[in-house]
Structure formats: structure tokens, C-alpha cells
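A closer look at the structure
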Amino acid sequence: MITFTKMHGIGNDFVMVDGFAQDLSTMDLGSLAREVCDRHKGVGGDGLIVAVPGADGPFAMRMWNPDGSESEMCGNGIRCFAQFVRAQGLTQDTSLPVETGAGRLVLDVLSDGRVRVNMGPARLTNEEIGLAPGTPSPFLDVDLEFQGLRGTAVSMGNPHVVVFVDDVAAVPLTEWGPVLEHHAAFPRRVNVHFVQVLSPTHLRQRTWERGAGVTLACGTGACSVGVAAHLNGHTGRECLVSLPGGDLEIDYRTDGTVFMTGPATTVFEGTWG
């Protein structure tokens, strides 16, 4: 029997599990993710997130997608992580270092309950993104050879391709998303974001996530969108990204570091198994 907390960050929802209080060492967590994330037969969620001790600090976050694959990081999920470990009584600190597959990140819980995350530097080289040999470098406004679309690739510890369109609501997301997720330029697959520029400080985003499909929000994706928008001359370094589930504030600083600020909400607690 596993106890869990259901949380969401602007509609991107997760099954959160305390790996300090429960021994998960004998469990196949990829299989567990497939079961609990099922929206018809399970709890339902865009991922399973487990809090465990870090190798060099108090906390590490591990995340599995609904298809059972493990992800390096999740921007909305790590904001939930900050509130989760505090609610579990594991810490009362408002500044938390957390180890992830994308490196060590620092989370700050703000007085209004939102969480600001230092996401580290945006990665722009082909090696950092994990692009196939022979692809353009940098991958900036590149012809994707599909539906006349052009893409910009960014990694926030996990790979993203950002496609700017005139009308994001008109994009057939369930048709175009899976095609681009498996684009030949991205041998490990990629998160796909379609973006409409509303103003030099405001973007609208829709997402097809690698291993999850259509989601209401993607935090690392919003960071990549902010970076790509600046690199393509659409915005300055600070912008508001509006996703179907809500808004995120993105700050792409001159040293290349990206900060993301947004909410994290608890939905309910339960047991599984």
C-alpha cells in the first residue's frame, strides 16, 4: 500500500510519493507510473514524482512519464515537489536545493505560495540537446520539413522544440505533436511546443509532451519557449507564457540562466494498492 498526494502546477498534474517514509526499493516504478497515471483505471496524472534523499543534499526528485519512461526533469512537477516535501514535514525551509536528472536546482517558496525555480542555464548546443549528427547547429528557426513548420531546439535538461505559428488554437495538436515528437533530428524524442506571439512580453503555448501527449502545461517547455522567443527576436528576456492551465513567468537572464515562477496546488491525498 502506497500513500500519495495528487498535485498540479497550472493543470499539469502529478501523483506525488514520499520515498523517505516508504520503502520503494523493490518496486518497478515505471510500471507503477503506467498504472497510477491511467486516467480511467488509476489515479490519473501526467507523471509519477518520487521524493528521495539526494546524493549530495537533502532531496532528489525522480519522475516517470505515464508511458513508464523516466524523465530528466519537469518544471511544473518540481514546483509541486517544493510544496510537497514541506507538507510532508521533511523540511520547513523556503529555499530548497533539489537534485534532478537535469542537475541541482534551487527552489524558492514565495510568500504568496508560488514557487520560483532557478532552472539553470538553457542548453543550446547540439550535444546538450541530444540532436542527431549532421543537424544544423545552432538549431535555430530550422525547416522541420513537415507542414512548412520551422523549429528552434532548446534543452532545459530535457529536449524541446519550439514552433512559432500565427494561430496556436488552430494547430491540430494530436496530429502534428506525435509526428514531431519522433522527428529524425531528435533520436531520444522531443517535447513539442506550438507558440503564438501575442506581444513582445506575452506568449501563448500549447504542448505535446514526450511520453505523455497533450498536457495543460509544461514548465520546462515554457522556459524553452521564453528562450526561443528571445533568440528569434520575438520578446525580451522576461515574458509571461500563457498555457491552457494557467500562466508562468519566465526570466531568461543575460548569463543564460532561466528562472520560472508559478503556482503549485494540492488536490487530494490517498492510498494505492
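Below, the structure is looked at part by part. Note that the structure is a prediction, hence the values are computed from the model and not measured.

1. Comments concerning empty space enclosed by the protein
Enumeration over the complete set of coordinates arrives at 2 cavities of 30 Å³ or more. Roughly 90 Å³ of internal volume is contained in the largest cavity. In this structure, the largest cavity is lined by 13 residues; those nearest its centre are Ser71, Met73, Asn158, Asn191 and Glu209. Its residues placed into classes, the lining of the largest cavity shows 4 nonpolar, 7 polar and 2 charged. The space that makes up the second largest cavity amounts to roughly 40 Å³.

2. Observations concerning the environment of valine 17
Within the secondary structure layout, valine 17 lies in strand S2 (residues 12–18). Given the relative accessible area of 3%, valine 17 is considered buried. For valine 17, the residues in contact, after removing those within four places along its chain, are Ile2, Thr3, Phe4, Gln22, Leu24, Leu48, Ile49, Val50, Ala51 and Phe84.

3. What to know about the packing of aromatic side chains
One pass over the full model with this rule turns up 6 aromatic pairs. Their ring planes at 70° and their centres at 5.7 Å tell us that phenylalanine 20 and phenylalanine 59 sit as a pair that is edge-to-face. Highlighted residues: phenylalanine 20 in the loop between S2 and helix H1 (29–36) and phenylalanine 59 in strand S4 (residues 59–64), separated in sequence by 39 residues. According to the relative accessible area criterion, phenylalanine 20 is partly exposed, its value standing at 33%. Of the residues examined, phenylalanine 59 reaches a relative accessible area of 4% and is grouped as buried. Pairing phenylalanine 146 with tryptophan 176 gives two aromatic rings, centres 6.2 Å apart and planes at 80°, and the pair type is edge-to-face. Separated by 30 residues along the polypeptide, phenylalanine 146 in the loop between strand S9 (142–143) and strand S10 (150–155) and tryptophan 176 in helix H4 (residues 173–181) bring together distant segments of the chain. Each of the two residues, phenylalanine 146 as well as tryptophan 176, counts as buried. Taken together, Phe20, Phe59 and Phe81 form an aromatic cluster joined through their ring pairs. The cationic tip of arginine 237 hangs over the ring face of tyrosine 252; the distance from NZ or CZ to the ring centre is 4.9 Å.

Each value, and the rule that gives it
- Residues numbered from 1 in each chain as written.
- Predicted model: local features only at pLDDT ≥ 70, side-chain atom pairs only at ≥ 80, totals over all residues.
- Heavy atoms only, no water.
- 1 Å grid on protein atoms, 1.4 Å probe; cavity = no way out; pocket = protein on both sides within 12 Å on 5 of 7 lines; lining within 4 Å.
- Points joined across faces, edges and corners; volume = space filled by probe spheres on them.
- Nonpolar A, V, L, I, M, F, W, Y, C, P; charged D, E, K, R; others polar.
- Helix = DSSP H or I, 4+ residues; strand = E, 2+ residues; numbered from the N terminus.
- Buried < 20%, exposed > 50% of the residue type's maximum accessible area, 1.4 Å probe, protein only.
- Contact = heavy atoms within 4.5 Å.
- Phe/Tyr/Trp six-rings, centres within 6.5 Å; stacked < 30°, edge-to-face > 60°.
- Lys NZ or Arg CZ within 6 Å of the ring centre and 35° of its normal.

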